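Fold and geometry: a report
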Amino acid sequence: MASRPSYYLTTAITYPNGEPHIGHAYEYISADVMARFKRLDGFDVRFLTGTDEHGQKVQQTAEREGLTPYELATRNAQAIKRVDDEVLGISYDRFIRTTDKDHYRASQSIWQRMLDAGDIYLDKYSGWYSVRDERFFADDETEVREDGARYAVETGTPVTWTEEESYFFRLSAYQEKLLELYRTQPEFAAPASRFNEVIRFVEGGLEDLSISRTTFDWGVPVPKELTAGDTDLNHVMYVWVDALTNYLTGAGFPETDSEEFTKRWPADLHIIGKDISRFHCIFWPAFLMSAGLELPKRVMIHGFLHNAGEKMSKSVGNVVAPAAWTETYGLDTVRFFLLREFPYGQDGSYTHEAVVGRKNSDLANNLGNLAQRSLSMIVKNCEGAIPEPGELHPEDNKILEQAESLLSISRDAYQGQQFHRALERTWYVLGEANAYFADQAPWKLKKTDETRMRTVLYVTAEVLRKVSLLIQAVMPTSATKLLDALGVEAGGDAGATNASNTGPRSLAAFGDSLTPGSPISKPEPIFPRHEEPQDAS
RNA sequence: GGGGGGUUAGCUCAGUUGGUUAGAGCAGAGGACUCAUAAUCCUUUUGUCGCGGGUUCAAGUCCCGCACCCCCUACCA
């Protein structure tokens, strides 16, 4: 049996310092949809997500709460994993934690490789440090006030000149190589506007990067045998070295000769938020070049969600928990809304009215009602089974061809993570199908031409089958119900695992057709209209 | 300060290398139909294309200026 092509994708790993909100859910859901689509399309998918658990903040928070850093990280990682599992239906293959044993090995291995390449050296990191902000400021970010003391302009906190021993990565040596990468692989990062920001940044020159810390110890230790002779201090890796390396760990690194690593690396897709584009588009490829490893094929940078145009923030009190949304609208509606409403890569603004609009208009009316009316007629007028179609008329072929075209349109759109485009085109065809149904008026044909009625009902159901196959990735539960209602033989798991690679519900079956005679039950509405909760009084 | 992007119907946005009457979805209005989840179909109103100049036979689409908005300008993640 021929092996199926690999598709390895990742989300960013989450810093577990709070409850995940709808913005996190946006990233997980979009990656999940991508993973499911690829599985349904026959790829041997590996989908990695997880938590980034090291760093000073976790250590300090743990101390405040009287826990060890690992205990705190475990508690918060479990909370995030629970949202993935129980709220969002995320089909990851591994939930990686940067505290996992194999990840320590991977991080120390990439460090060794960068060291061997001559790109790591010991020096002093110095700058204006604000204790209150826990961060350094550049010279021009500080000002000397009338009292003679120096303050950070941005935050107004006092800063002191601080020097700290640190290992550095020779990032400056990679400016040209990175620009060459950007020139030769214009699809390396998207959307173009974000990618251009990265390119301009690199063109402006790169400084070497401090990649270790000695002021706290909650991190992957730089192996003592690698620091012997340099220093007596204990160095832990700067969190980004460790965090980015999770993508390698998830592929089996450092076992570079293993079957797993050979198959999975380089990654096909990193999905990230716009706040960390620099780390993924500049530092990460530079680290990999230094370590002599292949570069990921694509970094897709998604935008942020805003609540009615307002940035979500705790102080404003407009942060939405994923569970609050899925309880109010239903998981599949939330998944559909997030991918249909906003061009992926741009920021998006949501309102209750917008979600309800999509739910009612696109799901309940255009899709749900079309299924309900056509399946109802089949049950009542075709002996409860998919009818045998008669000769196809030009109108039948036209709508069938439009549905047929959705596979290549969707594949192209997904290839560039243009989820909204795939859905937009799919709903355009559903609009055409509704027009076709009204135009053919099978309820009239029932009295005049039963063969023709059966043909129209068959064609409509077949369009629905094709659409259902494609939207399994976005709305796995609802699409499964719809395929059940259409009498499509069970198979796969709506893209949740590689069991969906083949079978009557995989995209390999897209070009097939409904089997006349398949029994159909009296349909139940699959996409109900939104009901506002009644005031309990 | 420097760099980049935006400003098109009530709302959200499309508008290729400048070329006949500027488009879509939603919302609004009218009509049709009754298979269906008060769903669906058809028809339809509104636009100084931010403002002011310029180039051109011809500009939303190029050039200059102005106004407003947004993003980026490295080591908390």
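These figures come from a predicted structure and were not determined experimentally. (Residues numbered from 1 in each chain as written. Chains lettered and ligands numbered in written order. Predicted model: local features only at pLDDT ≥ 70, side-chain atom pairs only at ≥ 80, totals over all residues. Heavy atoms only, no water.)

**Examining the overall build of chain A**
For chain A, the count of helices and strands is 19 helices and 17 strands. Across its three principal directions, the C-alpha atoms of chain A cover 95 × 65 × 40 Å. Looking at chain A as a whole, 55% of its 537 residues are labelled buried. For chain A, restricting intrachain contacts to residue pairs at least 6 apart in sequence, the fraction spanning at least 24 positions comes to 76%. Counting every atom, chain A has about 23,400 Å² of accessible surface; 48% of that belongs to carbon and sulfur. (Helix = DSSP H or I, 4+ residues; strand = E, 2+ residues; numbered from the N terminus. Buried < 20%, exposed > 50% of the residue type's maximum accessible area, 1.4 Å probe, protein only. Contact = heavy atoms within 4.5 Å. Areas by Shrake-Rupley, 256 points an atom, 1.4 Å probe, with all protein chains shown as cover.)

**As for empty space enclosed by the protein**
Scanning all chains against the criterion turns up 1 cavity of 30 Å³ or more. What the largest cavity holds in volume is close to 50 Å³. Around the largest cavity, the lining residues are F37, S410, Y414, A422, L423, T426, L470, I471 and V474. Residue assignment for the lining of the largest cavity shows that the elements contributing at least two residues are helix 15 (406-415), helix 16 (419-440) and helix 18 (450-471). Considering every element that reaches the lining of the largest cavity, the biggest residue donor is helix 16, with 3 residues. Across the lining of the largest cavity, the residue classes break down as 7 nonpolar, 2 polar and no charged. (1 Å grid on protein atoms, 1.4 Å probe; cavity = no way out; pocket = protein on both sides within 12 Å on 5 of 7 lines; lining within 4 Å. Points joined across faces, edges and corners; volume = space filled by probe spheres on them. Nonpolar A, V, L, I, M, F, W, Y, C, P; charged D, E, K, R; others polar.)

**Some thoughts on the sheet that holds strand 3 (residues 94-97)**
Adjacent strands of a sheet pair through backbone hydrogen bonds, lying either parallel or antiparallel. Read from one edge to the other, the open sheet built from 6 strands follows the order 3-2-1-13-14-9, with strand pairing classed as parallel. The sheet is open, and its two edges are formed by strand 3 and strand 9 (189-190), each paired on a single side. As paired elements, strand 9 and strand 14 (residues 299-302) share 2 bridges and run parallel to each other. Across the sheet, A189 pairs through a bridge with V299, a residue of strand 14. (Pairing = 2+ DSSP bridges.)

**Digging into the pairing of strand 2 (residues 44-51)**
Among the 8 residues of strand 2, 8 are classified as buried, and the element is accordingly described as predominantly covered. A two-sided burial pattern is seen for strand 2, the buried positions comprising D44, R46, L48 and G50 on one face and V45, F47, T49 and T51 on the other. Examined bridge by bridge, strand 1 (residues 6-11) and strand 2 share 5 bridges and lie parallel to one another. Looking at the pairing, L9 lines up with F47 of strand 2. Where the polypeptide runs from strand 1 across helix 1 (residues 22-40) and back to strand 2, its parallel neighbour, the crossover connection is right-handed. (Right-handed = clockwise from strand over helix to strand, strands pointing away.)

**Let's talk about a positive patch on the surface**
Taken together, the side chains of K380, K444, K446, K447 and K522 define a basic patch exposed on the protein surface. Ranked by residues supplied to the positive patch, first place goes to helix 17 (residues 442-448) with 3 residues. With respect to the helices and strands, the residue K522 is situated in the segment after helix 19 (476-485). (Patch = residues over 30% accessible without salt bridge, like charges linked within 9 Å, V, L, I, M, F, W, Y side chains within 5 Å. Salt bridge = Lys/Arg side-chain N within 4 Å of Asp/Glu carboxyl O. Lys, Arg positive; Asp, Glu negative; His and termini not counted. Charge placed at Lys NZ, Arg CZ, Asp CG, Glu CD.)

**Comments concerning the sheet that holds strand 4 (residues 120-130)**
Pairing is antiparallel across the open sheet formed by 4 strands, whose spatial order is 5-4-8-10. One side of each edge strand has no neighbouring strand; the edge strands of this open sheet are strand 5 (135-137) and strand 10 (209-210). Pairing of strand 8 (residues 160-169) with strand 10, which is carried by 2 bridges, proceeds in the antiparallel orientation. The residue bridging F169 from the neighbouring strand is L209, located in strand 10.

**With respect to the protein's contact with RNA strand B**
Y15, D52, R278, N369 and F527 are the nearest of the 44 residues found near RNA strand B. Sugar plus phosphate, as a fraction of atoms of RNA strand B within 4 Å of the protein: 67%. Note that a sugar or linking oxygen of RNA strand B is positioned 2.4 Å from one of the side-chain N or O atoms of D52. Take E207: an N or O atom from its main chain is 2.7 Å from a base nitrogen of RNA strand B. At the level of elements, strand 5, helix 6 (192-203), strand 10, helix 13 (352-381) and helix 16 are the ones that each hand at least two residues to the surface near RNA strand B. Ranked by residue count, the leading element in the surface near RNA strand B is helix 13, at 11 residues. Counted by class, the surface near RNA strand B contains 19 nonpolar, 11 polar and 14 charged residues. (Near = heavy atom within 4 Å. Polar contact = N/O pair within 3.5 Å; in protein donor to acceptor, adjacent residues only side chain to side chain.)

**Some words on the domain arrangement of chain A**
The parts lose accessible area when they come together, and the size of an interface is often stated as this lost area. On domain assignment, one finds that chain A holds domain 1 (6-110 + 241-351), domain 2 (119-236) and domain 3 (354-519). Here the C-alpha centroids of domain 1 and domain 2 sit 23 Å apart. Taken together, the contact pairs 36 residues of domain 1 with 30 residues of domain 2. Surface buried jointly by domain 1 and domain 2 totals about 2,900 Å² across both partners, of which 68% is contributed by carbon and sulfur atoms. Seen at the junction of domain 1 and domain 2, the total is 1 salt bridge. In this structure, E187 and R298 form a salt bridge, with 3.3 Å as the shortest nitrogen-oxygen distance. The interface formed by domain 1 and domain 2 holds 11 residue pairs in polar contact (both at pLDDT 80 or more) in total. Ranked by residue count, the leading element in the side of domain 1 that touches domain 2 is helix 10 (residues 277-291), at 11 residues. In terms of residue class, the side of domain 1 that touches domain 2 is built from 17 nonpolar, 12 polar and 7 charged. (Domains from an automatic or database assignment. Buried area = accessible area lost by both parts, 1.4 Å probe.)

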